[in-house]
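What follows is the residue order along each chain.
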Amino acid sequence: MDAALDQALELGGCPLCSLQDRACAGYFRALVWELVTDVGARNKLRASLGLCPRHWWRLRQLERDHLHNALGLAILLEDTVGEVRKLLEEGDFRRRWENRAPCPACEREQQTEATYAGRLQERLETEPNLRRRLCKDHHNLHVPAPGRSLQRSGKLLPIPRGDPSRCPGCGAYEPSERGKGPLPRCIPHLVEEAERGVLEETARQASVRWAEELQTHLRGFIHKQDYQVCEPLTVRERTILDEAVFFLAGAPRVQSVP
């Protein structure tokens, strides 16, 4: 444990944030390369209806920059979009959404925090200067209660090139969508409107249609990853991973900072 803490301290920045980010990155690496066909891991994602918005964008960023397994991510996205679509088709989706299981990546961060916070607190008694290395969220260090994790600050993530979002609440959608009736919503904005009692039925139906389109194009993307398939990706399939994450997580807003 001390070795891991020392290594995190050598990296600079907040050691707890670094340890959490490393644990989360390890989980995502296993998820897209090894657990994508694991029944238990997939069932856990279905129970949580995927990841929280922050971790969907973190996974997309890691896949693009380091993991390089678009097929694995596409399979997870297609499955999650399908689960959310079925939920939307039921009409009263708000109750099920509120009762979904916690984000698996958030749980991994919470477990890491609980593992190292106590030991770091002990070291602060003999090494008080270590407190200067903690971020503002971890500065008043305490061991989180079970099921809770400390809030984390963040920075804005850049919106992907092409911005395939179709949600007006995200502040960006295709100009061709203007004048075609109610626009679909991303899931965070759909939930927000439902909680405020202002969600229109036509907007929910438009979101269902968006989910159906996403599944169709994700399946096309997955099919074309087969080396025996020579058909090129369509224009929409080239950005379908970003579009699916937009649907599930909304516009990329906050990325945790180690």
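Look up a bit, the structure's there.
Note that this is a predicted model, so its numbers are computed, not measured.

Moving on, we come to the nonpolar core. Within the largest apolar cluster, 50 residues are counted, with the highest numbers of intra-cluster contacts made by F28, W56, L77 and F247. Those elements giving two or more residues to this core turn out to be α2 (15–33), α4 (53–67), α5 (70–89), α8 (187–195), α9 (201–223) and α11 (240–249). Beyond its immediate stretch of four places on either side in the chain, W56 contacts G50, L51, L73, L77, T80, V245, L248 and A249. Counting residues in each nonpolar core, the second largest holds 13 residues, with A4, L19, L130 and L134 among its members.

To continue, consider the packing of α4 against α5. At their nearest, the axes of α4 and α5 sit 10 Å apart, and the two run at 155° to each other. As the angle between them shows, α4 and α5 are arranged roughly antiparallel. The chirality of how α4 crosses α5 is left-handed. On the side of α4, the interface is formed by W56, L59, R60 and E63, while α5 contributes A70, L73, L77 and T80. Tallied by class, the residues present in the contact of α4 with α5 amount to five nonpolar, one polar and two charged.

Moving on, we come to the packing of aromatic side chains. Under the counting rule described, the total for this entry stands at three aromatic pairs. Summarising the aromatic geometry, the rings of W210 and F247 are spaced 5.2 Å apart at their centres and angled 70° between planes, so their arrangement reads as edge-to-face. Here the residue W210 occupies a position in helix α9, and F247 occupies one in helix α11, the gap between them amounting to 37 residues. The residues W210 and F247 share a single accessibility class, namely buried.

Contact geometry of α9 with α11 gives a least axis separation of 10 Å together with a crossing angle of 150°. Compared by their axis directions, α9 and α11 come out roughly antiparallel. In this structure, the crossing between α9 and α11 has a hand that is left-handed. Across the interface between the two elements, S207, W210, A211, L214, H217, L218 and F221 of α9 pack against I240, L241, E243, A244 and F247 of α11. Class assignment for the residues of the contact of α9 with α11 results in nine nonpolar, two polar and one charged.

The full count for this structure, using the stated rule, is 19 salt bridges. Where K86 meets E83, a salt bridge forms, and the shortest distance between an N and an O atom there is 3.1 Å. Linking K86 with E83, this pair stays in helix α5, spanning three residues, or about one helical turn. Its relative accessible area of 42% is what places K86 among the partly exposed residues. With relative accessibility at 16%, the residue E83 sits in the buried group. Three or more residues are tied together by salt bridges with common partners; here these are R42, R46 and D79.

Tracing the sequence through the fold places G250 in the loop between α11 and β2 (255–256). Linking G250 and W56, residues 194 residues apart in sequence, is a C-alpha distance of 9.6 Å. The residues contacting G250, other than those within four sequence positions of it, are W57, C170, C186, P188 and V245.

Of note in this structure, L49 is not a glycine but carries a positive phi near 55°. With respect to the helices and strands, L49 occurs in the loop between α3 (39–47) and α4. One non-glycine residue, H68, adopts positive backbone phi at about 55°. Position of H68 relative to the elements: it lies in the loop between α4 and α5. Residue classification places H68 among the exposed positions, given a relative accessible area of 52%.

Basis of the calculations
The numbering scheme is per chain: residues are counted from 1 as the chain's sequence reads. Where local features are concerned, this predicted model is filtered to residues with pLDDT of at least 70; where side-chain atom pairs are given and counted, the filter is 80 or more; whole-chain, interface and lining totals use all residues. In computing side-chain properties, one takes all heavy atoms of the structure into account and sets aside hydrogens as well as water. Among the buried residues, those of types Ala, Val, Leu, Ile, Met, Phe, Trp, Tyr and Cys that are joined through side-chain atoms within 4.5 Å form a nonpolar core. Each residue is assigned to one of three classes by its accessible area relative to the maximum for its type, calculated with a 1.4 Å probe on protein chains only: buried under 20%, partly exposed between the two thresholds, exposed over 50%. Helix numbers and strand numbers start at the N terminus; a helix is a DSSP run of H or I with at least 4 residues, a strand a run of E with at least 2. Note on contacts: a residue pair is in contact if any heavy atoms of the two residues lie within 4.5 Å. Inter-axis angles, ranging from 0 to 180 degrees, are taken between N-to-C directions of lines fitted to C-alpha atoms, where helices are fitted over the stretch in contact. By the definition adopted for this analysis, an angle is roughly parallel if under 35 degrees, roughly antiparallel if over 145, roughly perpendicular if from 65 to 115, and oblique otherwise. Crossing handedness is defined as follows: a turn of the near helix away from the far one that is anticlockwise and smaller than a right angle gives a left-handed crossing, while the clockwise case is right-handed. Lys, Arg, Asp and Glu make up the charged group, whereas Ala, Val, Leu, Ile, Met, Phe, Trp, Tyr, Cys and Pro make up the nonpolar group; the residues left over, Gly among them, are polar. Pairing of aromatic side chains requires ring centres within 6.5 Å, counting the rings of Phe and Tyr and the six-membered ring of Trp. Pairs whose planes differ by under 30 degrees are stacked, by over 60 edge-to-face, and all others tilted. Just to be clear on terms, a salt bridge is a Lys or Arg side-chain nitrogen sitting within 4 Å of an Asp or Glu carboxyl oxygen.

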